[in-house]
Each structure stands twice: as structure tokens, then as C-alpha cells.
Amino acid sequence: VTTTSSSPLLFRGTLLNQYDNAIEGAMIQLWQTDLDGNYLHPHPGAATSPKSPEHSSIINDFQYFGTDATNINGNFEFLTYRPGIYPNRPFSHFHFMVWLDYDAGDGGDGNGDNGGGGGDAGGGDDN
């Protein structure tokens, strides 16, 4: 059971290349804490597995992560809640990963490499 409440949050963005052109078909994965600051990471071997005793308060009806594909305009969106905070990181934030699969004919470099990157998106003010 959560100890705080939050209104729904529509987190959306546009993925652009270095020339400000939209990137269609990229996968965006977003993961976050629940309102109480608990993680449930999508990777099955993560230390924050729901079977870990320190995560006995995992909320069953909250997904903790999601994946969306960018549309023709490079847009993506997630309907979620503002993440909670935890002692080692006292501000709300999201984690994300972006990846692409290129074929020779789709604007990629043709060498079969997958592009990818990830990071944090967060704010300093926790009001």
C-alpha cells in the first residue's frame, strides 16, 4: 500500500537525430520507482527483484516500467505517476534507454550495429 498519492502524469517526448530529424521506430524504455521509492527493474536478474526481502512492499497494480516505439514524428509517451524518492537519490527521476535496429535501406549506416543509450531524466524540485 502506498503512503503517498500522486496524480497521473503524461511523460512524452520527441526523439531527434543530430540534424533535428525525427527518428521513427526507435524503442524507448522508461522505468521508475513507485510512489514509495521502491524499484522493480524490468531485467529479471536485477538486484531489485520483487522476491528480494527489501522489496516486500512492491505494489501489485503498478508496472514500474514500460516500452514505447517512436512514431513517424519521433514521438513517444508514457502514462504514469511522478516517481517517489529514496535516501540515496533524494529527487524524483526516471531512467530510460533508447535503442534502434538499422537495416541498410532504412537510413542507418548499413553495418548492422544497434544504436543505444540510456540515462536519467529528473527534476531537482520534489514538490
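Residues numbered from 1 in each chain as written. Predicted model: local features only at pLDDT ≥ 70, side-chain atom pairs only at ≥ 80, totals over all residues. Heavy atoms only, no water.

Description of the side chain of threonine 70
Here is step 1 of the chain: Locating threonine 70 in the fold gives a position in the loop between strand S3 (65-69) and strand S4 (75-81).
Here is step 2 of the chain: Separated by 2.7 Å, the side chain of threonine 70 and the backbone oxygen of isoleucine 23 make a polar contact. (Helix = DSSP H or I, 4+ residues; strand = E, 2+ residues; numbered from the N terminus. Polar contact = N/O pair within 3.5 Å; in protein donor to acceptor, adjacent residues only side chain to side chain.)

Section: the confidence of the model for the protein
The predicted coordinates ought not to be read in detail in places where the model reports low pLDDT.
Here is step 1 of the chain: For the protein, the mean per-residue pLDDT works out to 73, and 59% of the residues sit at or above 70.
Here is step 2 of the chain: Confidence drops under a pLDDT of 50 for residues 47-51, and excluding neighbours within four residues, the segment shows eleven contacts in the predicted structure.
Here is step 3 of the chain: Contacts from residues 123-127, a stretch scored under 50 in pLDDT, to residues over four places away or in other chains number eight contacts. (pLDDT = per-residue confidence, 0-100. Contact = heavy atoms within 4.5 Å.)

Here we look at the side chain of histidine 95
Here is step 1 of the chain: Its place among the elements puts histidine 95 in strand S5 (residues 93-101).
Here is step 2 of the chain: A polar atom in the side chain of histidine 95 sits 3.2 Å from the side chain of histidine 93.

A word on the environment of phenylalanine 65
Here is step 1 of the chain: On the secondary structure map, phenylalanine 65 appears in strand S3.
Here is step 2 of the chain: Residue class for phenylalanine 65 comes out partly exposed when judged on its relative accessible area of 28%.
Here is step 3 of the chain: For the pair phenylalanine 65 and leucine 40, spaced 25 residues apart in the sequence, the C-alpha separation amounts to 7.9 Å. (Buried < 20%, exposed > 50% of the residue type's maximum accessible area, 1.4 Å probe, protein only.)

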